[in-house]
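Spelled out from the first residue to the last, the chains are:
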Amino acid sequence: MKASGDPRTLAITYSEQLGPDPVAVWRALEPSLKRVSVDYERLGDIRAADYRGLDAADMEWFSEDTGVRERTLGRGFLIGSGRGFSLRWTTPADNWNDAANRRALDVFLRSFRSSAD
């Protein structure tokens with residue numbers, strides 16, 4: 001999802017076939033990210049997290065799209081019975097720390113509601 005004229009994107013995916021560990025889910029997904037992303041580079045470790053009291057994991061990476069270096073935060077979380085969501089926020093890497101970008105990401109993470117909420 002992208003607003004007209006806004007270089008940031010938001011992707012939300014849902015799955016019904018996830019394992020019980022969100023860190024392991026990201027680890028299993030990473031090879032496919034490497035295959036489909038130009039100049040893929042993971043930033044740091046995949047980190048266990050809590051998202052609204054749910055088991056979650058965060059992964060960040062760089063990639064390139066049409067000559068622009070981008071940075072993505074992926075937050076995956078489980079809602080039970082092998083089901084879960086992946087929230088991916090992507091912005092030009094140079095804009096990652098801009099106050100407006102950080103506010104938009106924060107608002108999204110605070111306001112996203114799944115059908116399990």
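Here's a quick rundown of the structure.

### Description of the sheet that holds strand E1 (residues 9-15)
What links the strands of a sheet is backbone hydrogen bonding, and the strands pair in either a parallel or an antiparallel sense.
Phase 1 of the analysis: Read from one edge to the other, the open sheet built from five strands follows the order E1-E5-E4-E3-E2, with strand pairing classed as antiparallel. This sheet does not close on itself; its edge strands, each paired only once, are E1 and strand E2 (38-51). Taking the axes of each pair of neighbouring strands and ignoring which way they run, one obtains an average angle of 15° across the sheet.
Phase 2 of the analysis: For strand E3 (residues 54-65) and strand E4 (residues 68-80), the ladder comprises ten bridges, and the chain directions are antiparallel. Its bridge partner lying in E4, Ala57 is registered against Gly76.
Phase 3 of the analysis: Contacting E2, E3, E4 and strand E5 (83-92), helix H1 (residues 22-36) crosses the sheet at an angle of about 15° to E3.

### Side note on the environment of Gly74
Phase 1 of the analysis: Inspection of the secondary structure puts Gly74 in strand E4.
Phase 2 of the analysis: Using a relative accessible area of 0% as the deciding quantity, one classes Gly74 as buried.
Phase 3 of the analysis: Here the alpha-carbon distance between Gly74 and Ile12, two residues 62 residues apart in the chain, equals 9.6 Å.
Phase 4 of the analysis: Residues within four places of Gly74 in sequence aside, it is in contact with Trp26, Ala57, Asp58, Met59, Trp61, Leu87 and Arg88.

### What about the side chain of Glu60?
Phase 1 of the analysis: Following the sequence through the fold, Glu60 ends up in strand E3.
Phase 2 of the analysis: Judged by its relative accessible area of 12%, Glu60 falls in the buried class.
Phase 3 of the analysis: At 2.7 Å, the side chain of Glu60 and the side chain of Arg71 are in polar contact.
Phase 4 of the analysis: If we ignore the near neighbours within four places in the chain, the residues touching Glu60 are Arg42, Leu43, Arg47, Arg71, Thr72, Leu73 and Trp96.

Conventions adopted
- Residues numbered from 1 in each chain as written.
- Predicted model: local features only at pLDDT ≥ 70, side-chain atom pairs only at ≥ 80, totals over all residues.
- Heavy atoms only, no water.
- Pairing = 2+ DSSP bridges.
- Helix = DSSP H or I, 4+ residues; strand = E, 2+ residues; numbered from the N terminus.
- Axes fitted to C-alpha atoms, helices over the stretch in contact; angles between N-to-C directions.
- Contact = heavy atoms within 4.5 Å.
- Buried < 20%, exposed > 50% of the residue type's maximum accessible area, 1.4 Å probe, protein only.
- Polar contact = N/O pair within 3.5 Å; in protein donor to acceptor, adjacent residues only side chain to side chain.

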